[in-house]
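# Coordinates in review
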Amino acid sequence: MKYILVTGGVISGVGKGVIASSFGTLLNACGIPITSIKIDPYINIDAGTFSPYEHGEVFVLDDGGEVDLDLGNYERFLDIVLHKDNNITTGKMYKMVIDKERIGDYLGKTVQVVPHITDAIQEWVERVAKQPVKDNIVPEVCIIELGGTIGDIEGMPFVEAFRQFQFRVKKENFCVAHVSLVPLPRATGEPKTKPTQASVRELRGFGLSPDMIVCRSENPIGDEVKDKISNFCHVSTDQVICIHDLSSIYHVPLLMEQAGVVDILKERLQLNLPTPRPENFMQSWRDLAERVDNVYKKVNIALVGKYTRLQDSYASVMKSLLHASIAAGYKLNLTFIDSSNLERETKIENTSLYYDAWHDLTNSHGIIVPGGFGSRGLEGKIRACQWARENGKPMLGICLGLQAAVIEFARNVLGLEGAHTTEANPETPHPLVIDMPEHHTGVYGGTMRLGKRTTVFRGDSKIRQLYNNKQQIEERHRHRYEVNPDYVARLEAHGMRFVGTDSEKERMEIMELKDHVYYVATQFHPEYLSRPLKPSPPFLGLILASVGKLESYLKDGQKLLQLQCSPSATEPNDKSNEQDLNQIRERANGLKIDAIVTTPGSSTEIQLNGTIASTSSIKQGSPAKMNGVHENGTD
């Protein structure tokens, strides 16, 4: 077994997860089975009780493990299925050691960080590294990401554990990659290497010597900087890899491959890799990166959520929308809307926030209402569902989004005044959403309905067609409340169809509104299983419906739409688009137009001398207007 330890320096959030995933992507492309482990030094047992504002989203695995969002990166990049033991926390380690101490496993010895905690960490890593994560094949390389930064007091036991571990598994089986920030202060205008030097010096002081230094920077850095880092950090220039900010994360593995990372790993870990590499090496990733960069038509999606201040709270939802947009041939333009700002109370307290939120919602091509917990912002989600239902706007609800859609329908279609969820109002006269008794133990953390569960389809539906007309599917869950089955018959009598249930037909899993272009909600979280080259069906349906192509897609045997990367981006038989383009040409008045880019609905952009600028809406049959074209792409 070979091990690659990825550490971080200077600041957290520097991109260790993407770098670690890219190592795996490169080795995977070489035909080497890969697994990954994420180490989080916090004392929590798992990520299940975190606030999304504290640590981003909670990613859920097949076995119900609630883990760090970086494991989502690993699964998406490598197309593997990880287990809850692939996420190590300080809490897990100490709990395991304390449990052993309580039953006398240490024979009365004084239990200490060294050797007991450090030994437990090493044993855990060796055990988990051998667990198959794809096609029941035992991995050959384990990539371990150590969270936080070198020098954090919480991470010290793990650093010491790996100092010992490198001798335990032998030098040729252990490699350290240190990811560090190279800042570019505006005052000096040149990259600064001192933070990286200090970080590497500290890492060496703890007994770990980096075999590779991955420098993260805003802009590309030159050879002079690489030479300086090489001289002061005791590595060759070839071992200094520079990864600057890129147009998409899909370019990262390609840039690392170009920098010679595969050859470094081959030599350092004595890997048996083919030489030379095949001509089509990483070709699927190159195609994916090119598609992302060369899509011009935009689709505007509004995400109505509770935790919009931190976008990582919806990391998997964002990635799933991106995967679906790429497959449909559109560039995703995602707008975050705080659901609280859609509520009537906000109109009184802060009028501008209220109208800005509604402006963003009504100008979107599609709406997604993701999951969440608690009562804050729930009424805003309910109002968003109502607007989408009444105005024929494509909408996808997830978990709490399904519950909000059901509550709204009960209030405004069934006329059940006061209909609510018992989570927000335990005394509601019409409990449309209730808690599941077996998951309401009074203890938080791991007590919800978690992990992969089976959903059985009922009858025909658009969402079933998107799943290729399967009889049943398996998706991951994370919820404690569900639709009250006592109200299902009344809801369905008025057009709200529950087209998917659990195996026992007691729990409502998928809702689809009759006679609506796309009004779908799921109790499960489809975002957890979306992949760059295999988008999640509910998300694909939302994007296709938002650009007016769902019906043609469903009639065409579920074949993925071919990307349309032409700069003109006009639909072949869309006369209204052609009229709009003619009006723009007439109104341009001599401006040099390099390209004209249309987006679904009424949004249109023109490219002036290489700069994207947008015009105001142009409606068919009305005179075209150009209300102040700005360079920043807004009007």
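The structure we're discussing is the one just above.
These notes cover the structure that comes with them. No experiment lies behind these values; they were computed from the predicted model shown.

On to the overall build of the chain. Secondary structure summary: the chain contains 21 helices and 24 strands in total. In the chain, buried positions account for 55% of the 635 residues. By element, 47% of the accessible surface of the chain is carried by carbon and sulfur atoms, the whole surface being about 27500 Å².

Moving on, we come to the nonpolar core. One finds Ile-4, Phe-23 and Leu-265 to be the most contacted residues of the largest nonpolar core, which totals 52 residues. Counting residues per element, this core draws most heavily on helix α1 (residues 16-29), at six residues. Those residues within four positions of Leu-265 in sequence are excluded, and the remaining contacts are Ile-4, Phe-23, Leu-27, Cys-175, Met-212, Gln-270 and Leu-271. Grouped together as the second largest cluster of nonpolar side chains are 42 residues, Val-369, Ala-388, Ala-410 and Ala-419 included.

On to helix α16 (residues 400-412). The end-to-end C-alpha distance of α16 is 18 Å, a good match for the 18 Å that 13 residues give at a rise of 1.5 Å each. Taken as a whole, α16 has its buried residues at Leu-400, Gly-401, Leu-402, Gln-403, Ala-404, Ala-405, Val-406, Ile-407, Glu-408, Phe-409 and Ala-410.

Our focus in this paragraph is the environment of Ile-143. Within the fold, Ile-143 resides in strand β6 (residues 141-146). For the pair formed by Ile-143 and Ile-4, sequence separation is 139 residues and the distance between their alpha carbons is 4.8 Å. Sequence-distant contacts of Ile-143, defined by excluding residues within four places in its chain, comprise Ile-4, Val-6, Ala-20, Phe-23, Gly-24, Ile-34, Thr-35, Ser-36 and Ile-37.

What follows deals with the environment of Gln-403. With respect to the helices, strands and loops of the structure, Gln-403 is situated in helix α16. Sequence separation between Gln-403 and Asn-484 is 81 residues; the distance between their C-alpha atoms is 9.9 Å. Aside from chain neighbours lying at most four places away, what touches Gln-403 is Val-433, Tyr-481, Glu-482 and Gln-523.

Time to look at the packing of aromatic side chains. In the structure shown here, the tally under the stated rule is 12 aromatic pairs. Judged by centre distance (4.9 Å) and plane angle (80°), the rings of Tyr-3 and Phe-165 are edge-to-face. One end of the pair, Tyr-3, is in strand β1 (residues 2-9); the other, Phe-165, is in helix α6 (residues 156-168), with 162 residues separating them in the sequence. When its relative accessible area of 0% is taken as the criterion, Phe-165 is described as buried. With a centroid separation of 5.8 Å and an interplanar angle of 50°, the aromatic rings of Phe-457 and Tyr-467 are classed as tilted. Taken together, the residues span a long stretch of sequence, with Phe-457 in strand β16 (residues 449-457) and Tyr-467 in the loop between α17 (462-466) and β17 (472-479) at a distance of 10 residues. In this pair, the class of Phe-457 matches that of Tyr-467, namely buried. Positioned above the aromatic ring of Phe-232 is the side chain of Lys-194, whose terminal nitrogen or guanidinium carbon lies 5.9 Å from the ring centre.

Here we come to the sheet that holds strand β21 (residues 519-522). Strand order in the open sheet made by the nine strands is β11-β10-β12-β13-β21-β20-β19-β16-β17, with mixed pairing throughout. Looking at which strands have only one partner, the edges of the open sheet turn out to be β11 (331-338) and β17. Taking each pair of neighbouring strands and ignoring which way they run, the sheet shows an average axis angle of 25°. In this structure, strand β13 (residues 395-398) lies alongside β21, joined through four bridges in parallel fashion. Among the inter-strand pairings, Gly-397 is bridged to a residue of β21, identified as Ala-521. Contacts between α16 and the sheet are confined to β12 (366-369), β13, β19 (496-501), β20 (508-513) and β21, with β13 contributing the most and set at about 115° to the helix.

Reading the values: rules and limits
- Residues numbered from 1 in each chain as written.
- Predicted model: local features only at pLDDT ≥ 70, side-chain atom pairs only at ≥ 80, totals over all residues.
- Heavy atoms only, no water.
- Helix = DSSP H or I, 4+ residues; strand = E, 2+ residues; numbered from the N terminus.
- Buried < 20%, exposed > 50% of the residue type's maximum accessible area, 1.4 Å probe, protein only.
- Areas by Shrake-Rupley, 256 points an atom, 1.4 Å probe, with all protein chains shown as cover.
- Core = buried A, V, L, I, M, F, W, Y, C linked by side-chain atoms within 4.5 Å.
- Contact = heavy atoms within 4.5 Å.
- Expected span 1.5 Å × (residues − 1).
- Phe/Tyr/Trp six-rings, centres within 6.5 Å; stacked < 30°, edge-to-face > 60°.
- Lys NZ or Arg CZ within 6 Å of the ring centre and 35° of its normal.
- Pairing = 2+ DSSP bridges.
- Axes fitted to C-alpha atoms, helices over the stretch in contact; angles between N-to-C directions.

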